[in-house]
Every structure is written in structure tokens, then in C-alpha cells.
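The primary structure of each chain is shown beneath.
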Amino acid sequence: MRSFNLRLFAIMFVATIVFGGSMHLLHGVQVKRQSRVLYNAAEKAYEEKNLPLAIEYMRKYASLAPGDIDAQLKLGLWFAENRSIGAAYYMLEELVRNGEAKG
């Protein structure tokens, strides 16, 4: 009759926890790095007067960093500048509604 190898189970359990935790941390680092790259690309595209590309990058950044109110405000103003009035209205209204717009 075979018996349960508790030592092997404990080693495999700890290895799984350590591996899973390290993958979670690595993913967090990569998301932060990617969001910074998107923000910088949006700023650069805006400086180069490429507003549609700047909006695309800033929209992706805002989805990765939903707490960045300044980026959401910029995105709303860029929508307005690009004459995307509906999107600008929605974005800026959400900021005002949540009391997050600077006044």
C-alpha cells in the first residue's frame, strides 16, 4: 500500500506558493513600467501634434492607472481639443461627479 509523502507535498506546496507570489510581484512591476511608457508616449505624441495617437496612448494609460486624476483630466481636455465632444463630456463629467476635478 502506498503512503502519502508528506515531505514531498510540503516541498511542492511551498515551491508553488513562492513561484506564484514571485509571478504576481513581477506582473505588478511590469504593469507599472508599461504604464509609465504609455504616459510618456502620450505626452510625446501630444508635443508632436499627433492628437489621435496621444489620445490612444493616454486612454490605455488611464485604464492601467485609474487613480491618476491628472491623466484623466488631460484625456478629457484632449478629447475636447480633438472635437470628440461626447467622449470629452463623459470623461470630464465623471471627474466632476466624483469631486475629483481641480477647481
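What you see is a predicted model, and the numbers here were worked out from it, not measured in a lab. (Residues numbered from 1 in each chain as written. Predicted model: local features only at pLDDT ≥ 70, side-chain atom pairs only at ≥ 80, totals over all residues. Heavy atoms only, no water.)

### Things to note about unusual backbone geometry
Note the cut-off: Here the term buried applies to any residue with accessible area under 20% of the maximum for its type, exposed to any over 50%, and partly exposed to those in between, with areas from a 1.4 Å probe on protein chains only.
Backbone geometry places Lys49, a non-glycine residue, at a positive phi of 65°. Judged by relative accessible area, which is 75%, Lys49 ranks as exposed. Phi is positive for Arg83, close to 65°, though the residue is something other than glycine. A relative accessible area of 71% means that Arg83 is categorised as exposed.

### Remarks on helix α4 (residues 85–97)
Where we set the bar: Elements are defined by DSSP. Helices are runs of H or I of four residues or more, strands are runs of E of two residues or more, and each kind is numbered from the N terminus. By this rule, a helix spans an expected 1.5 Å times one less than how many residues it contains. The arc under discussion is defined with respect to the helix axis, by the directions toward the C-beta atoms. Only heavy atoms matter for contacts: two residues are in contact if any of them lie within 4.5 Å across the pair.
With 13 residues, α4 should cover 18 Å at 1.5 Å per step; its first-to-last C-alpha distance of 17 Å lies within 8% of that length. Listed in full, the buried residues belonging to α4 are Ala88, Met91 and Leu95. An end-on view of α4 places all buried positions within 75° of arc, on one side of the element. Along α4, exposed side chains directed more than 90 degrees from the buried face belong to Ile85, Gly86, Tyr89, Tyr90, Val96 and Arg97. For α4, the secondary structure elements touched by its buried residues are α3 (69–81). Of the residues one or two after α4, Gly99 is the one with positive phi, at around 70°.

### Quick look at the nonpolar core
Test applied: For this analysis, a nonpolar core means a set of buried residues of the types Ala, Val, Leu, Ile, Met, Phe, Trp, Tyr and Cys, connected via side-chain atoms within 4.5 Å.
Formed by 16 residues in total, the largest nonpolar core has its most connected members in Ile55, Met58, Tyr61, Leu75, Trp78 and Phe79. Elements with a contribution of two residues or more to this core: α1 (6–47), α2 (51–64), α3 and α4. It is α2 that contributes the most residues to this core, six residues altogether.

### Describing the packing of aromatic side chains
For the record, the criterion: Whether two aromatic rings pair depends on their centres lying within 6.5 Å, for rings of Phe, Tyr and Trp, where Trp uses its six-membered ring; planes under 30 degrees apart make the pair stacked, over 60 edge-to-face, and the rest tilted.
By the definition in use, this model includes four aromatic pairs. Ring geometry for Tyr46 and Trp78: centres 4.6 Å apart, planes at 10°, overall stacked. Taken together, the positions of Tyr46 in helix α1 and Trp78 in helix α3 put the pair 32 residues apart, joining distant regions of the chain. Its relative accessible area of 4% is what places Trp78 among the buried residues.

### With respect to α2
Given a rise of 1.5 Å per residue, 14 residues ought to cover 20 Å, and the 20 Å separating the end C-alpha atoms of α2 matches this to within 8%. The complete set of buried residues in α2 reads Leu51, Ala54, Ile55, Met58, Tyr61 and Ala62. Looking down the long axis of α2, one finds its buried residues gathered within 130° of arc, a one-sided arrangement. In α2, the exposed residues that point more than 90 degrees away from the buried face are Pro52 and Ser63. Looking at the buried positions of α2, the neighbouring elements they touch are α1 and α3.

### Quick look at the side chain of Glu43
For Glu43, the location among the structural elements is in helix α1. Judged by relative accessible area, which is 19%, Glu43 ranks as buried. Dropping the residues within four chain positions of it, Glu43 is found in contact with Met58, Lys74 and Trp78.

That's the geometry; what it means functionally is another story.
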